[in-house]
Amino acid sequence: GREKRSSAMQVVNNIDPVYIEAAGRIIQEAEKVFDSVRRDILLPLADHIAFAARRQQNDTFFANPLIQDIKILFGKEYAVALESRKMVEDLTGYRISDDEAGFIALHIHSGLSGEQVSETLRMTQIIDESIQIIEECAGYKLQENSHSYIRLMSHLYYMVIRSKTGEAVNVELNDFMKQKYPKATQIAQIVCNKMESRLHKSLASDETGFLAVHIQRIIAL
């Protein structure tokens, strides 16, 4: 109620209206692609753009270490951020960098999923860590633009989502994968354990075999 309103008013009073307008344009751009975008991302997004514009004026570049993951997981949202680049620049004089577009994509995703940006960022970090574990175990870097990599990424994403909703997988592949592909199963087990400790939730047991299929596909290339 009232506290929320007064903190929103404080934010509004501290943001140059041009950034609120820029955020509004980005939301309009997103609505062309997605049916509906929650309007409550307007102020956080405006605040973010104002902050990014200030950083650019001060020449402090802010790298986005998760940019590759964001491009794959939230490709449509990322495309919207790039699409609105010219508009934002015309309004504010600030040009969105590719890395910055990744952060804006997270805000847009927040407007679609109702998740906090910080939560989406944490999910993306967990997925990124999972990929790193797979690469360490496999002993080489995976090809980021291959089909099996993209499928693996989205599989990890849905694993995280399922851990929250408690949705079952109902794909009983554990015994088969353990016998036929022990290495992939072992890697999958390590990833699942790490994910459980990061999410503070236990995953369904058949997640291991299901993930092992994706890992086998990528390490067999």
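One can find the structure itself at the top, above this paragraph.
Conventions used here
- Residues numbered from 1 in each chain as written.
- Predicted model: local features only at pLDDT ≥ 70, side-chain atom pairs only at ≥ 80, totals over all residues.
- Heavy atoms only, no water.
- Phe/Tyr/Trp six-rings, centres within 6.5 Å; stacked < 30°, edge-to-face > 60°.
- Helix = DSSP H or I, 4+ residues; strand = E, 2+ residues; numbered from the N terminus.
- Buried < 20%, exposed > 50% of the residue type's maximum accessible area, 1.4 Å probe, protein only.
- Salt bridge = Lys/Arg side-chain N within 4 Å of Asp/Glu carboxyl O.
- Core = buried A, V, L, I, M, F, W, Y, C linked by side-chain atoms within 4.5 Å.
- Contact = heavy atoms within 4.5 Å.
- Expected span 1.5 Å × (residues − 1).

Evaluation of the coordinates by the stated rule reveals 2 aromatic pairs. Aromatic pair Phe74 and Tyr157: ring centres 5.8 Å apart, planes at 85°, arrangement edge-to-face. On the criterion of sequence distance, the pair formed by Phe74 in the loop between α4 (67-73) and α5 (75-83) and Tyr157 in helix α9 (residues 147-165) is long-range, its members being 83 residues apart. By relative accessible area, which is 2% here, Phe74 ends up buried.

All right, on to the pattern of salt bridges then. Inspection of every chain in the model, using the stated rule, returns 14 salt bridges. Measuring nitrogen to oxygen at the nearest pair gives 3.0 Å for the salt bridge that ties Glu21 to Arg25. Here Glu21 pairs with Arg25, and both are found in helix α2 (residues 17-33), just 4 residues apart, close to one helical turn. What makes Glu21 partly exposed here is its relative accessible area of 38%. The salt bridge partner of Lys32 is Glu29, with a shortest N-O separation of 3.3 Å. In this pair, Lys32 and Glu29 both sit in helix α2, 3 residues apart, roughly one turn of the helix. For Lys32, a relative accessible area of 65% corresponds to the exposed category. Judged by its relative accessible area of 12%, Glu29 falls in the buried class. Sharing partners across several salt bridges, the network here consists of Glu115, Glu119, Arg122 and Lys164.

Core analysis: the biggest nonpolar cluster contains 63 residues, and Leu45, Ile49, Leu152, Leu156, Met195, Leu211 and Ile215 have the highest contact counts within it. Look past the residues within four positions of Leu152 in its chain and what remains in contact with it is Ile131, Ile134, Leu142, Leu211, His214, Ile215 and Ile218.

Turning to helix α3 (residues 42-57), a few remarks are in order. End to end, α3 covers 23 Å across 16 residues, agreeing with the expected 22 Å (1.5 Å per residue, within 8%). Taken as a whole, α3 has its buried residues at Leu45, Ala46, His48, Ile49, Ala50, Ala52, Ala53 and Arg55. On its buried face, α3 sits against α2, α6 (85-92) and α7 (98-113). Looking one or two residues past α3, Asp59 carries a phi angle of roughly 60°, positive in sign.

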